[in-house]
Amino acid sequence: MTLPIDIENLIEEYKTYLEMKGYSNTTIKQYLYDLNLFLNFIKKPPWQVKTNDILLFLIHLRKERRYRPTTLLRKISSLRTFYLFLQKIDVIKRNPFDKIDRPKVRRKLPTFLTREEVNKLLKVADKFRDKLIVRLLYVTGLRVSEAVNLTWRDIDFEKGEIRVRKGKGRKERIVLVDPSTLCMLVKYKNMISPPSEDERVLGISVRTVQHIIKTLRERTGLSKKVTPHTLRHSFATSLLEAGVDIRVIQELLGHSSLNTTQIYTHLTKEHLKKEYLKAFGPEESL
C-alpha cells in the first residue's frame, strides 16, 4: 500500500522526533519498520485506529507470522511511542494502546561466564587483537557497538578511564579499565601504524567481533552460548559477586533504570543455588 503524502510527512516528523529524543539510528529504523508494518495491515489513517484494529494486528503477528511474545512486546512498545507522539502534536486525544495488555513474557536469565571460562577464551586466542577484544569487553562491560566505536581519544591512560561517547540512547558515560588491559591497549597502539586520536581502536565491525567471539568459544569447547554480550553479563555478575553496589554497576553498564540491572541479582542467586546443590542436591545423602 502506498501511503498518502500527509501520512508520509507525519512519519518523517515522527522520525525527527525520535532523533531529537536521542534514539539510535538502529532503534529508529526498527520503530519505522514496525509502524509501516502496522499501517500496511490496518489500511487506514493512524488517527482512525481503534483498539480492535490493534488486537487484530497482534493476532496476525502471533498466528500468521508466529512472532514470540518478546517480539510482540517490543512492537507494542514502539507503536505506543508513535501514538504518544500523535498525542503530543494533538492529532489524537487518547492513545488506543492504553487499552492493550502487554503479553506476559518469561524473562530469561542471561548467560554469563566464570573467570575460568573467560581465561579459556583468552588462552585459545592466537591473535593479540582477539585477546584484547575479550579482555576489553569483560573488564569494561562495554556493549559491542560501543567497543567498535571506541577511539584512542576516548581512552584516558593516566586515569584508567574510557569515555563512551556513542552509548545506547546517545548517552555518554565513563567506564573503568584495569591496569593489565591498559597495558594491552598501549602495546596494541604501538603495534599498529601511529594512529590519529580520532581513529577507532579496533577498526573492525560489530559482526567481525561477534565472529571472533564465536570462533574462540568453539575452540574452547564451551557448551554455553557465548557472544560479546555474554562478556558484558559476565562483567556485571563478577562485580555483583565481589560485593559492588548495584547502583555502581548500573552506572558502569549505562542502564537508565535500576530494574534492568536488578536481573543480575537473580542471576547470582541462581548461580549460588547451583553451587549449593552440588553439595546438598537430591542425589547427595548424609
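Residues numbered from 1 in each chain as written. Predicted model: local features only at pLDDT ≥ 70, side-chain atom pairs only at ≥ 80, totals over all residues. Heavy atoms only, no water.

Once that is clear, we can look at the pairing of strand S2 (residues 161-164). Burial along S2 is one-sided: Ile 162 and Val 164 are buried, and none of Glu 161 and Arg 163, which face the opposite way, are. Bridging between strand S1 (residues 155-156) and S2 involves 2 bridges; their strand directions are antiparallel. For Ile 155, the partnering residue across the bridge sits in S2 and is Ile 162. Joining the antiparallel neighbours S1 and S2 is a turn of 4 residues, in which Gly 160 adopts a positive phi near 70°. (Buried < 20%, exposed > 50% of the residue type's maximum accessible area, 1.4 Å probe, protein only. Helix = DSSP H or I, 4+ residues; strand = E, 2+ residues; numbered from the N terminus. Pairing = 2+ DSSP bridges.)

This brings us to the pairing of strand S3 (residues 173-176). Residues of S3 alternate between two faces, with Arg 173 and Val 175 buried on one and Ile 174 and Leu 176 left unburied on the opposite face. Of the strand pairs in this sheet, S2 and S3 are connected by 4 bridges, and their pairing is antiparallel. Looking at the pairing, Val 164 lines up with Arg 173 of S3.

Glancing now at helix H8 (residues 179-191). Helix length check: H8, at 13 residues, gives a terminal C-alpha distance of 18 Å against a target of 18 Å (1.5 Å per residue), a fit within 8%. Taken as a whole, H8 has its buried residues at Thr 181, Leu 182, Met 184, Leu 185 and Tyr 188. The buried residues of H8 occupy one face: seen down the axis, they fall within an arc of 160°. Seen from the buried face of H8, the exposed residues on the opposite side, beyond 90 degrees, are Pro 179, Cys 183 and Asn 190. Buried-residue contacts for H8 involve helix H6 (128-140) and S1. (Expected span 1.5 Å × (residues − 1). Arc of directions from axis to C-beta. Contact = heavy atoms within 4.5 Å.)

Within the secondary structure, Lys 120 is located in helix H5 (residues 115-124). For Lys 120, a relative accessible area of 43% gives the class partly exposed. The spacing of Lys 120 and Leu 216 is 96 residues in sequence and 8.7 Å in space, taken between C-alpha atoms. Contact partners of Lys 120, with chain neighbours within four places excluded, come to Thr 220 and Leu 222.

Strands sit in the order S1-S2-S3 across an open sheet of 3 strands; the sheet is antiparallel. Only two strands of the sheet have a single partner each, and these edge strands are S1 and S3.

The grouping of Phe 41, Leu 55, Leu 56 and Ile 59 at the surface amounts to a nonpolar patch, some 330 Å² of accessible area in total. The leading source of residues in the nonpolar patch is helix H3 (residues 51-63), at 3 residues. Inspection of the secondary structure assignment puts Ile 59 in helix H3. On the basis of relative accessibility, which here comes to 45%, the residue Ile 59 falls in the partly exposed class. (Patch = residues over 30% accessible without salt bridge, like charges linked within 9 Å, V, L, I, M, F, W, Y side chains within 5 Å. Areas by Shrake-Rupley, 256 points an atom, 1.4 Å probe, with all protein chains shown as cover. Salt bridge = Lys/Arg side-chain N within 4 Å of Asp/Glu carboxyl O.)

This brings us to the packing of H5 against H6. For the pair H5 and H6, interaxial distance at closest approach is 8 Å and the crossing angle is 155°. Taken together, H5 and H6 sit at an angle that is classed as roughly antiparallel. Of the two possible hands of crossing, H5 and H6 adopt the one that is right-handed. Counting all contacts with H5, which are made through Arg 115, Val 118, Leu 121, Leu 122 and Lys 123, the residues of H6 involved are Lys 131, Val 134, Arg 135 and Tyr 138. (Axes fitted to C-alpha atoms, helices over the stretch in contact; angles between N-to-C directions. Parallel < 35°, antiparallel > 145°, perpendicular 65-115°, else oblique. Left-handed = near helix turned anticlockwise from the far one by under 90°.)

From the geometry alone we can't say anything about function, so treat these as descriptive.
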